[in-house]
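This is what each chain is made of:
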Amino acid sequence: MSKHNVIPIHNEAHTGNLEPLLHQIRHALEHLLDCGEKTVIDLAAMPLADNELTALLDVLGKGEVSAELNILGKSVIEETRFSGVWVIRHLNENEENDRVFIEVDTIPSLLSAQTEDIQLGLIQLDQTLTTPPDN
């Protein structure tokens, strides 16, 4: 194969997007405080090298709250060391990151009960209360 047919492969070790992303998270946190509006950042929409994603997660650290959901696949939600900043990872069947989001909110929307689910819970509780216990 001649050198003209070789496709160069570049190992993108640094995109320069880590610091701007941290500033975006900072502004989203301020916006949450000022306006009460959440922000969701899809990390797939921003070019980040693997080492930059790792560095971002290291900077954000781990907080006190985490949850794991198993709805249409596994999702892991973790509070960062910065209250109000959450990392949401949707995993593939090999338990590798498929999609990663940063959500800036008081509680991630995935953890909030939906109105329809609450209504169903009320019906189920009413049925439990009106059904005589088995003796």
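Whatever comes next refers back to the structure up there.
Report follows, based on the coordinates. In this text, all values refer to a predicted model and were calculated from it rather than measured experimentally.

1. Digging into the environment of Glu93
Here's step 1: Here Glu93 is to be found in the loop between β4 (85–91) and β5 (97–104).
Here's step 2: Taking the C-alpha atoms as reference points, Glu93 and Gly73, 20 residues apart in sequence, are found 7.6 Å from one another.

2. Side note on the packing of helix α1 (residues 18–35) against helix α2 (residues 50–60)
Here's step 1: Look at α1 against α2: their axes get within 10 Å of each other, and the N-to-C directions meet at 40°. One finds that α1 runs oblique with respect to α2. The handedness of the crossing between α1 and α2 comes out as right-handed. In this structure, α1 contributes Leu18, Leu21, Leu22 and Ile25 to the contact, and α2 contributes Glu52, Ala55, Leu56, Val59 and Leu60.
Here's step 2: By residue class, the composition of the contact of α1 with α2 is eight nonpolar, no polar and one charged.

3. Overview of the environment of Leu29
Here's step 1: By the element assignment, Leu29 lies in helix α1.
Here's step 2: On the basis of relative accessible area, Leu29 is assigned to the partly exposed category, the value being 24%.
Here's step 3: Along the sequence, Leu29 and Val104 sit 75 residues apart, while their C-alpha atoms lie 6.1 Å from each other.

4. Structural notes on the pattern of salt bridges
Opposite charge on two side chains lets them pair, provided their charged atoms get close.
Here's step 1: Within the structure shown, the criterion is met by five salt bridges.
Here's step 2: Note that Asp42 is salt-bridged to Arg99, the shortest N-O span being 2.2 Å. In this pair, Asp42 sits in strand β1 (residues 39–42) while Arg99 sits in strand β5, placing the two residues 57 residues apart along the sequence.
Here's step 3: Residue Arg99 is classed as partly exposed on the basis of its relative accessible area, which comes to 33%.
Here's step 4: With its nearest N and O atoms 3.5 Å apart, the salt bridge here joins Lys74 to Glu68.

5. Remarks on the side chain of Glu103
Here's step 1: Residue placement: Glu103 occurs in strand β5.
Here's step 2: Within the structure, Glu103 has its side chain in polar contact with the backbone nitrogen of Ser109 (distance 2.9 Å).
Here's step 3: Aside from chain neighbours lying at most four places away, what touches Glu103 is Lys38, Thr39, Val40, Gly84, Val85, Trp86, Ile88, Pro108 and Ser109.

Procedures and definitions
Residues numbered from 1 in each chain as written. Predicted model: local features only at pLDDT ≥ 70, side-chain atom pairs only at ≥ 80, totals over all residues. Heavy atoms only, no water. Helix = DSSP H or I, 4+ residues; strand = E, 2+ residues; numbered from the N terminus. Axes fitted to C-alpha atoms, helices over the stretch in contact; angles between N-to-C directions. Parallel < 35°, antiparallel > 145°, perpendicular 65-115°, else oblique. Left-handed = near helix turned anticlockwise from the far one by under 90°. Contact = heavy atoms within 4.5 Å. Nonpolar A, V, L, I, M, F, W, Y, C, P; charged D, E, K, R; others polar. Buried < 20%, exposed > 50% of the residue type's maximum accessible area, 1.4 Å probe, protein only. Salt bridge = Lys/Arg side-chain N within 4 Å of Asp/Glu carboxyl O. Polar contact = N/O pair within 3.5 Å; in protein donor to acceptor, adjacent residues only side chain to side chain.

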